[in-house]
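Analysis of the macromolecular model
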Amino acid sequence: MFKGLTYCFTILFILLLVNLSLNARFAADDYYFLYLNMNYGPVGGTIFQYMDFSGRWLCHFISLLALNLSGFRFFLPAYFVFTFAMLYLILSSLFYKIYTYYDIDENDFNSDLPPLLLLASFILCSFSVGENWFWFISVSTYIWSISFSLLLVNLYINNKKRFYKPALIIFSSLYIGSASESYALLMIIFSILYIIFKIRTEGIETFKSDPKQKTLITSLILIFISFLISTLSPGTFHRNDLLPSLSLLQKSEVLIKSFAKIFIQYLPSKLFLFILFGVPWIRFGFYIQEITSMTTKNVLKNIGLTMLFTILAILISLLPTVFILGEMGPARALSMITLIMTAATAITFTLFGMMIRTESEIIKITSVSFFLLITYLFFVNIKEYSVTSLYAKLYDERTARINELKNANFTGIAELPPLPPSGMLYNAELSIDTSYFVNQHWKKGLDLKYNVVLAE
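Here's what I pulled together on the structure shown here. If you're wondering where the values come from, they're calculated on a predicted model, not measured in any experiment.

Here's the deal with the overall build of the chain
- Across its full length, the chain carries 18 helices and two strands.
- Here the chain has a C-alpha radius of gyration of 23 Å; the compact-globule value for 456 residues is 23 Å, and the two agree.
- Each of the three principal axes of the chain carries a C-alpha extent, and together these read 75 × 50 × 50 Å.
- Buried residues in the chain amount to 54% of all 456 residues.
- Intrachain contacts of the chain at a sequence separation of at least 6 include 81% that bridge at least 24 residues.

Right, dumping it as structure tokens:
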């Protein structure tokens, strides 16, 4: 029964991702990058951005390079599916190592399930799903940065020598350093804290003699170099000049308010989903309890430590965004917190599973949880298919009308009807103001000789 439920969960989750990917469309900054690629090419567009507004050099170059395929009808769906597949494979590789280490029988808890659960929780519990997952430039900046961070973790714990390993370490590290200043700082902070922890617990000589630490140090240095190349660019200085100038005390106040806002506003709205996706991990904990030989007292202690480290990790994650932007930042910048909560929930419920001694209870609890997950995904699929299909249809009609006016050499102001709700897809709607940045991005990206506005 349990396997049948997990298969249903997997099918519904994949159907949801495919549907959303097929109905996703370019939005806001995507059009600006289409303009850069069309007028300057990948190299020229990267240099233009580096000098004008943002120094995210490697990330922007890869994004502009990918946009050379944007004329392909299924470019965006393929891009998003590739992103999901990449993240799944990285997570799957990490869990394969865990299964091997603990010698877990896949008949008890299939090894394909943990990465799927994490990915589903990460996507569906995001504070603003559309901004994180179905917006081209947001995915290439934030989600790919997280993916490459997890890849570095994978490479760090992998003792096997592979000819491609150095290249992956170099590329991943440089990409992280160039994709997002706040995410790069987080990786630097967490890496330094981990190094300090390893040295304090094992000693400096043991640390230096471990070949794995060379991978860690190399990654840290490359991320820092890439981060400096990005933050010291003229474009970054120009962008920072546009941000509010706050004192250290004011930024500290913003940090405290942002931290409180996470627990007062954001987490309560997603708490039920976190729990719903967390309960199946009880089964995972049950089947590794004999291997870990952990007493109930130690399990409770680890649950407390997990909660403490989660709070500290969230606070640390807010630091770069608040101190760089002088505010909490957009929802997509909080995806690292969603990832932290996803991991913390999985660990916490795994620990709870270690305290249960009766297999029949485990089977009942996890079967009910998967039934609820399937029910939830079933209704989400129906809703999103209806909402996003209509959105995509009217979006395509809008772009067809825009191109029709373009081909007719129209030179006035085109008033366009508003798009319907976009569900879990990201939609940056036009404004009634022709100078609004979204309107200007559409104009530049579609190479229009006229202005577009939202009809009043």
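Let's pick the thread back up.
Considerations on the packing of aromatic side chains
- The tally for this structure, following the rule as stated, stands at 42 aromatic pairs.
- Seen in terms of ring centroids, Phe26 and Tyr31 are 6.3 Å apart; in terms of plane orientation they differ by 65°. Their pairing is edge-to-face.
- Judged by centre distance (6.3 Å) and plane angle (85°), the ring pair of Tyr35 and Tyr40 falls under edge-to-face.
- Given the relative accessible area of 36%, Tyr40 is considered partly exposed.
- When the ring centre of Tyr156 is taken as reference, the NZ or CZ atom of Lys212 above it lies at 5.3 Å.

Re helix α5 (residues 113-124)
- In this model α5 runs 16 Å from its N-terminal to its C-terminal C-alpha over twelve residues, within 8% of the 16 Å that 1.5 Å per residue would give.
- Burial analysis of α5 places twelve of its twelve residues in the buried class, which makes it a mostly covered element.
- Among all positions in α5, only Leu113, Pro114, Pro115, Leu116, Leu117, Leu118, Leu119, Ala120, Ser121, Phe122, Ile123 and Leu124 are buried.

Some words on the packing of helix α2 (residues 29-52) against helix α12 (residues 234-241)
- Here α2 crosses α12 at 45°, and the two axes come no closer than 4 Å. Judged by the inter-axis angle, α2 sits oblique to α12. Listed contacts from α12 to Gln49, Tyr50, Met51 and Asp52 of α2 are Pro234, Gly235 and His238.
- Residue composition of the contact of α2 with α12, grouped by class: three nonpolar, three polar and one charged.

Here's the deal with the pairing of strand β1 (residues 413-416)
- Of the two faces of β1, the one holding Ala414 and Leu416 is buried and the one holding Ile413 and Glu415 is not buried anywhere.
- Here β1 runs beside strand β2 (residues 451-454); their pairing, made up of four bridges, is parallel. Along β2, the bridge assignment pairs Ile413 with Asn451.
- After leaving β1, the chain enters helix α18 (residues 437-445) and then returns to the sheet as β2, a path that is right-handed.

A look at the nonpolar core
- The biggest cluster of nonpolar side chains holds 141 residues, and the ones touching the most others in it are Phe9, Phe26, Trp133, Phe136, Phe277, Trp442 and Val452.
- The element best represented in this core is helix α7 (residues 136-157), accounting for 13 residues.
- Setting aside residues up to four positions removed in sequence, Phe277 forms contacts with Phe9, Leu117, Ala120, Ser121, Leu124, Cys125 and Leu373.

Observations regarding the environment of Asp112
- Relative to the helices and strands, Asp112 is located in the loop between α4 (75-102) and α5.
- For Asp112, a relative accessible area of 39% gives the class partly exposed.
- C-alpha separation for the pair Asp112 and Ser92, spaced 20 residues apart in sequence, amounts to 6.7 Å.
- At 3.3 Å, the side chain of Asp112 forms a polar contact with the side chain of Tyr88.

A word on the environment of Asn407
- Within the secondary structure, Asn407 is located in helix α17 (residues 359-407).
- Exposure remark for Asn407: the relative accessible area of 63% places this residue in the exposed category.
- Along the chain, Asn407 and Leu448 lie 41 residues apart, while their C-alpha atoms are 9.7 Å from each other.

So, the pattern of salt bridges
- Considering all chains together, one arrives at seven salt bridges under this definition.
- The salt bridge partner of Glu181 is Arg56, with a shortest N-O separation of 3.0 Å. Here Glu181, found in helix α9 (residues 181-202), pairs with Arg56, found in the loop between α2 and α3 (57-66); they are 125 residues apart in sequence, far enough to count as distant. Here the two residues Glu181 and Arg56 agree in accessibility, since each one is buried.
- Across the pair Arg401 and Glu404 runs a salt bridge whose closest N-O atoms are separated by 3.1 Å. With Arg401 and Glu404 both in helix α17 and three residues apart, the pair spans about one turn of that helix.
- Look at Arg401 and you get partly exposed, because its relative accessible area is 39%.

Some thoughts on α4
- Between its first and last C-alpha, α4 extends 40 Å over 28 residues, near the 40 Å set by a 1.5 Å rise per residue.
- Remark: Asp103 follows α4 within two positions and exhibits a positive phi of approximately 55°.

Considerations on the packing of α5 against α17
- It is the contact of α5 with α17, at a shortest axis distance of 14 Å, that shows an interaxial angle of 45°. Overall, the two elements α5 and α17 adopt an arrangement that is oblique. Considering how the two elements wind past one another, α5 and α17 form a crossing that is left-handed. Residues Leu113, Leu117 and Leu124 of α5 lie in contact with α17, whose contacting residues are Phe370, Leu373, Tyr376 and Leu377.
- The residue inventory of the contact of α5 with α17, partitioned by class, reads seven nonpolar, no polar and no charged.

About the cut-offs
- Residues numbered from 1 in each chain as written.
- Predicted model: local features only at pLDDT ≥ 70, side-chain atom pairs only at ≥ 80, totals over all residues.
- Heavy atoms only, no water.
- Helix = DSSP H or I, 4+ residues; strand = E, 2+ residues; numbered from the N terminus.
- Rg over C-alpha atoms; globule rule 2.2 N^0.38 Å.
- Buried < 20%, exposed > 50% of the residue type's maximum accessible area, 1.4 Å probe, protein only.
- Contact = heavy atoms within 4.5 Å.
- Phe/Tyr/Trp six-rings, centres within 6.5 Å; stacked < 30°, edge-to-face > 60°.
- Lys NZ or Arg CZ within 6 Å of the ring centre and 35° of its normal.
- Expected span 1.5 Å × (residues − 1).
- Axes fitted to C-alpha atoms, helices over the stretch in contact; angles between N-to-C directions.
- Parallel < 35°, antiparallel > 145°, perpendicular 65-115°, else oblique.
- Nonpolar A, V, L, I, M, F, W, Y, C, P; charged D, E, K, R; others polar.
- Pairing = 2+ DSSP bridges.
- Right-handed = clockwise from strand over helix to strand, strands pointing away.
- Core = buried A, V, L, I, M, F, W, Y, C linked by side-chain atoms within 4.5 Å.
- Polar contact = N/O pair within 3.5 Å; in protein donor to acceptor, adjacent residues only side chain to side chain.
- Salt bridge = Lys/Arg side-chain N within 4 Å of Asp/Glu carboxyl O.
- Left-handed = near helix turned anticlockwise from the far one by under 90°.

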